[in-house]
Amino acid sequence: PLVYDQPQFNRKALLSLSVPAARLWSAEVPYLYTLVVRTMTPTATGNTSSRRFVPASDVEACRIGIRSVSISEKKLWVNGVPVIIQGVNRHDHCPKNGKAVSEESMLQDVLLMKKYNFNAVRTSHYPNHPRFYDLCDEYGLYVCDEANLETHGFHAGMHPTPFLANIPQWRQAYISRMARMIQRDRNHASIIMWSLGNEAGCGSGQRAMAEWARETDPTRPLHYESGGSRSSCTDIICPMYARVYTCEKMANEDPNDHRPVILCEYSHAMGNSNGSLDKYWRCFRENSAVQGGFIWDWVDQGLEATAPSGKTFWAYGGDFGDKPNDAQFCINGIVFPDRTPHPAMEELKFLMRPVTFQVTNLLKEEANCTRVKTDSELVNLETWMSSNPRIVVRNWLNFTSLDHLKTTWVILADSGARLEEGVLDLSSIPQDAEVELPWKAFLPDLVFLAKKVSTLRTAAQTSPLHNWFLEFRTTVKETTRWCDAGHEVAHTQITLPVPVNGFPSPSMLSIPKSLSVHSDMVRVFTLGDDLLQVQCADGVHMAFHLSGPKIGTIVNMGSRGKLILEGGPSPCFWRAPTDNDRGGEAISYCARWRNAGINQLQTVQDSFPTVTQTAGPDGSLRIAVTLTMTPCGSNRKGVAGISVTLTHDIQTNGIVDLNMVATASKSLPPIPRVGLRMRCSSELQAVDWFGRGPHECYSDRKASATFGHHSSNAVDMHVPYIVPGENGGRADVSWLALRRREVIPEQPLTIKGNKLRASARTDRGTVAPAPGLLVSIPAGKVAQVSVQQHSLEDLESSSHEYQLEESRSRGDGTVHVHVDHLHMGVGGDDSWTPNVHPEYLIPTGSKWQLSLKLAALVHDDDAFEMHRHLQ
C-alpha cells in the first residue's frame, strides 16, 4: 500500500507509483489500465512498516491510459512522437431528440470516425457527456476538450470581442467553466489538449482561465483561437479557416515560436463542399510544423420533421416558424443527420489513409493520379521499364507497423478488365517509415503484359484502349473492436505509362451489331416549318428543331420504336447553386451569375439563326446552326452573351457526331459549366460509365475517386443534400451508357493465363435487348457527367429534398443527363466567401469546344466495345 501520513483535514493527496514496462496509450493502440484506489484504516499506531490495515472503507476505480503530451520544436508530440491531427469538430446531435444523444449514437460516431481514418475530435463547443470520453479512450481518438464558453452576442461584426472577459465580476464565471471541465475529465487518456472555448474574444478572463489550467494540469497543452490564434492563452497556433499558404506562413514566420499550427476549423462541409482538401493534406504531410486540423463539422444538424404531404424530411432554421433564424447554417456536416456519409467523407478517408504508394521514374512530374496524364507528361512504357522503377511505400502510422494490414495490387485496363493481380507483403515496414521495393521483384513486366492481352480471344472486351492503371488496396487482416476483417483503410491508383506506339490492336475485333448495319444514305423528311425528321439504318430515327429557342437541337431520338432521347443535347452554362455558390451574398458566385443573367440564357430569336443541311458523299447528313444566347433572349445593345455553334453529323448507321463550339463575352463572370444537357427516356434508369467513381466527384474534389468501369442508377447517382443544388457529378468520364435495366451485378473480367474469368469486384450487369444510349467522348478528352431524375430547374427551386420528389411526381419522368466540357469546382475553404481556387474556375473570353458521339445501344452491344470502335 501507499501510505499517506498527512493530517486528515488536508483535502488533496499526491501519490505516485511506477508501472514497469508500461504499455502506452495512443489513438492507434488505445491500451488502458484499470486503476483501483482503496482507502484502508490502520489497526495500530507505530512505525509505518509495522502497521496492519483493516478492509477498505472506500473503493474507487477508473480506466487510465499511460501517455505523454508535449509541445516543442513546432510540433505536438504524443509519447515522444509528432502526430498529425486527422480531426473533426463534433456537435452533440440526434435528428429526433436534438441535443439529447444516446450512448448508441455516440458509439456510432466514434466507429464511423475510426472507419474513415479520423484520429481526433474536438468537442465543439462544450464538454460532452462523460461516456463519450470513455468511448474515445476505448476505441482510440485524440480529444480536444472544449470549455462551454462562447459570447456571440458581443461580436463586432463577425469578430468576437473580450467585452465580458474584461469585466472583473465575470472572472470567476470564466474560471469556473474551465475548472469544472478539467476536474471532471482529467483522467481520460484520450484528452490531449484543453480548449478555453470558442469565439469569445481574448481578455483577462481567458488569461485567468489559462493560468488556472496550466497550474492545475501542466501535462496538457492549451488550445484557443479567438482573439488571435497565436495569443499567450494558447500553446498551439490554431487558426480558423486559414488557407494553406497562411498556415505555412504562420508556421515559418517566427523561428522563436515553438508552437505548431493545427487548424481548429477548416474546410466548411456545407452541402456539396470540401473542394481542394488535397492541398491541405499535401501541406500537412510535407510541412511538419503544420500538423493537421479539425474539419467543420461532423453532422448535419437537421431535425426530423413531416412535410404537408406526409413525407419525412430534415428541417432547419425557419422550418419551425422561428424568427430570426440562420437558415441552413446548421447543415454543414460531412454526414447526414442519420449518419449516412456525404461523398466528401470518401475524400477525407483517402487523404488521411495510413499507407501511400508512389512509383519512381513514372512521370515527368509528381506521380499522382488526380487526373489522366497526357502523353507529354508520361514517359513511354519501354523506357520506363528499362529504368528499374521502384515502388515507394510510406507507412504514416505513428506507433504501429503494417503487419496488421493486407495490401493487394491489380493492373486495371480502361476496358474495366483486371489484367493481373496479386498480394504485396508489407508486414515488415515499421511505423513512420518509407521503403522502396524494386518493381521487377514484386510486379509483372508490363511490356510483355501489353502484348499478351492483345492476342487473347477476349481482347475486344479486355485489352486497354488508351490507359491502364496500377491500383493498391489495403485492408485490415483481422476483426478489431471498430471494424470487421477486410475493412479497407487505404487505396492508391496510379496511371501507368503506355507503349511508345500505343496499345496493340486486338487481333480479333468484331464489329458491334449496331455499327454493322448501314443504309445507302440518311433519309430526311420535313414536318412543317419547325421539324426535320431523320431516319437511319436499323430503325434509328431522330428529329430536329428548325426554329424557336431550341433551334438546331434534337427533339427526340429513338431506335426500334423506343425513344431513348426526349430532348437535347442542348447548350447549358448554368448549374443549380450550391450553398458555397451562394456564400458571400452580393459578391457570391450565384449573385454575379444572376446579375449577368447566366441563369436565364436563351437563344436570341430575332437574330435569324438558320439551320443548314449538308449531305456527305458517304450518305451522311450534317445539320448545323450558329446562335447567340443572352439573358431571356434579349438583343439589346451591350447585353453580354455566349455565341454557340452546334454541328450534328449523322452517319447512315445512326451514329451522331455532335460538336459544340462556344465563346462567352469577356464581360461575363466565370461561369459554372460549359456543356450539354439532355432528357432521356424515363426507362433508361441504369447507368454505366468509365471514369472516376464510384462516388460523386468534381474537379477540385476527386483525388479519392478511382478510374474504372462503374455502375449505378439514376436514383442512386443523386446525392440528397438537405438543401438541394448541383450534385451527383462524376469526373473524367470517357463514356457513359444508359440502359433499360436494373443493374444485376456480375463478376468483372479478369485475365488468368490465356483465359478470361470472373473475379471478386463487380461492375457489370445483365443487358436487356431494348435500346439504350451511349455517349462516347473522343480519345484524349474526358467529360464531367451527371445522371439523375431531377431537372436543373427543380434542383434550383427546391429548398428541401421532399419538394424535389413532389416536383418529379408532377413532371414527365425523364432522366436528366449533363455532359460537360468544363465544370466549376465546388469550393469549401469556407461557405461565406467565393473561394473556388483559380484553376477550378471557368473564366470567360476564350473559345470552348465539346465533342461527343451519340449511339443507340441495341441487341447485346457492349458499351466499351462500341466506344472502342467509335474512337
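Provided above is the structure to which this section pertains.
The structure displayed is predicted, hence computed values, not measured ones.

## With respect to the overall build of the chain
- Broken down by element type, the chain carries 17 helices and 44 strands.
- Buried residues in the chain amount to 57% of all 871 residues.
- A separation threshold of at least 6 residues defines the contact pool for the chain, and within that pool the share at least 24 residues apart is 72%.
- Just so you have it, the chain exposes about 36000 Å², and 52% of that area is on carbon and sulfur atoms.

## Focus on the side chain of S681
- Its location among the elements puts S681 in the loop between β34 (673–680) and β35 (686–693).
- Residue classification places S681 among the buried residues on the basis of a relative accessible area of 5%.
- Not counting chain neighbours up to four residues away, the residues in contact with S681 comprise L563, I564, E566, R740 and V815.

## Here's the deal with the packing of helix α6 (residues 277–286) against helix α7 (residues 344–351)
- The N-to-C vectors of α6 and α7 enclose an angle of 20°; their axes lie 10 Å apart at closest approach. Taken together, the axis directions place α6 and α7 in an arrangement best described as roughly parallel. When you trace α6 past α7, the crossing you get is right-handed. The segment α6 lies against α7, with L277, D278, W281 and R285 engaging E347, L348 and L351.
- Partitioning the contact of α6 with α7 into residue classes produces four nonpolar, no polar and three charged.

## As for the pattern of salt bridges
- One pass over the structure, following the stated rule, counts 41 salt bridges.
- R622 is the salt-bridge partner of D649, the closest N and O atoms lying 2.7 Å from each other. Of this pair, D649 sits in strand β32 (residues 642–650) while R622 sits in strand β31 (residues 621–631), and the two are 27 residues apart along the sequence.
- Counted as one network, the salt bridges with shared partners bring together R63, E103, R131, D134, E138 and R481.

## A short note on the sheet that holds strand β17 (residues 355–359)
- Across the sheet, which stays open at both edges, the three strands sit in the order β17-β18-β21 with antiparallel pairing between neighbours. The open sheet has two free edges, formed respectively by β17 and β21 (433–438), since each of these has just one partner strand. Neighbour-to-neighbour, the strand axes of the sheet open up by a mean angle of 20°, direction not taken into account.
- With five bridges joining them, β17 and strand β18 (residues 390–395) adopt antiparallel strand pairing. Opposite F357, over in β18, you have V393 as the bridge partner.

## Observations concerning empty space enclosed by the protein
- Under the counting rule described, the total for this entry stands at six cavities of 30 Å³ or more.
- Taken together, A576, R673, E726, N727, S786, Q788, H790, S791, L792, L795, H816 and H818 make up the lining of the second largest cavity.
- Elements supplying a minimum of two residues to the lining of the second largest cavity: β42 (783–788), α15 (792–797) and β43 (815–823).

## Observations regarding helix α1 (residues 103–115)
- In a regular helix each residue adds 1.5 Å, so 13 residues correspond to 18 Å; α1 covers 18 Å between its end C-alpha atoms and thus fits that length.
- What α1 keeps buried is the set S105, M106, D109, V110, L112, M113 and K114.
- Of the surrounding secondary structure, the elements contacted by the buried residues of α1 are β6 (85–89), β7 (120–122) and α2 (130–139).
- Following α1 by one or two positions, N117 adopts a phi angle in the positive range, close to 70°.

## Looking at the environment of L449
- Mapped onto the elements of the fold, L449 is located in helix α10 (residues 446–453).
- The buried category is assigned to L449, whose relative accessible area is 1%.
- Separated by 29 residues in the primary sequence, L449 and E420 have C-alpha atoms spaced 8.6 Å apart.
- When near neighbours in sequence (up to four residues on either side) are disregarded, L449 contacts I411, L419, E420 and W468.

## Thoughts on the pairing of strand β14 (residues 290–296)
- Counted residue by residue, β14 has seven buried out of seven residues, so it is predominantly covered.
- Where β6 and β14 come together, four bridges link them in parallel fashion. Within β14, the residue paired with V88 across the bridge is I295.
- The pairing of strand β13 (residues 261–268) with β14 spans four bridges and is classified as parallel. By the bridge assignment for β14, Y266 is matched with I295.

## Structural notes on the side chain of H188
- Counting through the fold element by element, H188 comes out in the loop between α3 (171–185) and β11 (191–195).
- Ignoring any residue separated from it by four or fewer positions in sequence, one finds H188 in contact with R67, P130, Y133, D134, D137 and R220.

## Looking at the packing of α1 against α2
- Two numbers describe how α1 lies on α2: the axes approach to 10 Å, and their chain directions differ by 35°. Like other packed secondary-structure pairs, α1 and α2 cross with a definite hand, here right-handed. Of the residues in α2, those in contact with E103, M106, L107, V110, L111 and K114 of α1 are R131, F132, L135 and Y139.
- When grouped by side-chain class, the residues that make up the contact of α1 with α2 number seven nonpolar, no polar and three charged.

## Topic: the packing of aromatic side chains
- Considering all chains together, one arrives at 20 aromatic pairs under this definition.
- Ring centres 5.1 Å apart and planes at 85° place the aromatic pair W468 and F503 in the edge-to-face group. Of this pair, W468 sits in strand β22 (residues 468–476) while F503 is found in the loop between β23 (488–495) and α12 (513–516), placing the two residues 35 residues apart along the sequence. As far as burial versus exposure is concerned, W468 and F503 are alike and both buried.
- Here the aromatic rings of Y589 and W593 are separated by 6.1 Å at their centres, their planes lie at 25°, and the arrangement is stacked. Of this pair, Y589 and W593 both sit in helix α14 (residues 589–596), four residues apart, which is roughly one turn of that helix. No difference in accessibility class separates Y589 from W593, as the two residues are buried.
- By the ring-pair criterion, three or more aromatic residues cluster together here, those being Y266, Y280, W281 and F284.
- We note R90 situated over the ring of F132; from NZ or CZ to the ring centre the distance is 4.3 Å.

## As for the nonpolar core
- Counting 105 residues, the largest nonpolar core has F118, M178, W298, W439, L446 and W468 as the members making the most contacts within it.
- Excluding residues within four positions of it along the chain, M178 makes contact with A147, W194, S195, L196, M209, A213 and L222.
- Of all hydrophobic cores here, the second largest spans 71 residues; its members include I598, V785, M824 and V858.

What counts, and at which threshold
- Residues numbered from 1 in each chain as written.
- Predicted model: local features only at pLDDT ≥ 70, side-chain atom pairs only at ≥ 80, totals over all residues.
- Heavy atoms only, no water.
- Helix = DSSP H or I, 4+ residues; strand = E, 2+ residues; numbered from the N terminus.
- Buried < 20%, exposed > 50% of the residue type's maximum accessible area, 1.4 Å probe, protein only.
- Contact = heavy atoms within 4.5 Å.
- Areas by Shrake-Rupley, 256 points an atom, 1.4 Å probe, with all protein chains shown as cover.
- Axes fitted to C-alpha atoms, helices over the stretch in contact; angles between N-to-C directions.
- Parallel < 35°, antiparallel > 145°, perpendicular 65-115°, else oblique.
- Left-handed = near helix turned anticlockwise from the far one by under 90°.
- Nonpolar A, V, L, I, M, F, W, Y, C, P; charged D, E, K, R; others polar.
- Salt bridge = Lys/Arg side-chain N within 4 Å of Asp/Glu carboxyl O.
- Pairing = 2+ DSSP bridges.
- 1 Å grid on protein atoms, 1.4 Å probe; cavity = no way out; pocket = protein on both sides within 12 Å on 5 of 7 lines; lining within 4 Å.
- Points joined across faces, edges and corners; volume = space filled by probe spheres on them.
- Expected span 1.5 Å × (residues − 1).
- Phe/Tyr/Trp six-rings, centres within 6.5 Å; stacked < 30°, edge-to-face > 60°.
- Lys NZ or Arg CZ within 6 Å of the ring centre and 35° of its normal.
- Core = buried A, V, L, I, M, F, W, Y, C linked by side-chain atoms within 4.5 Å.

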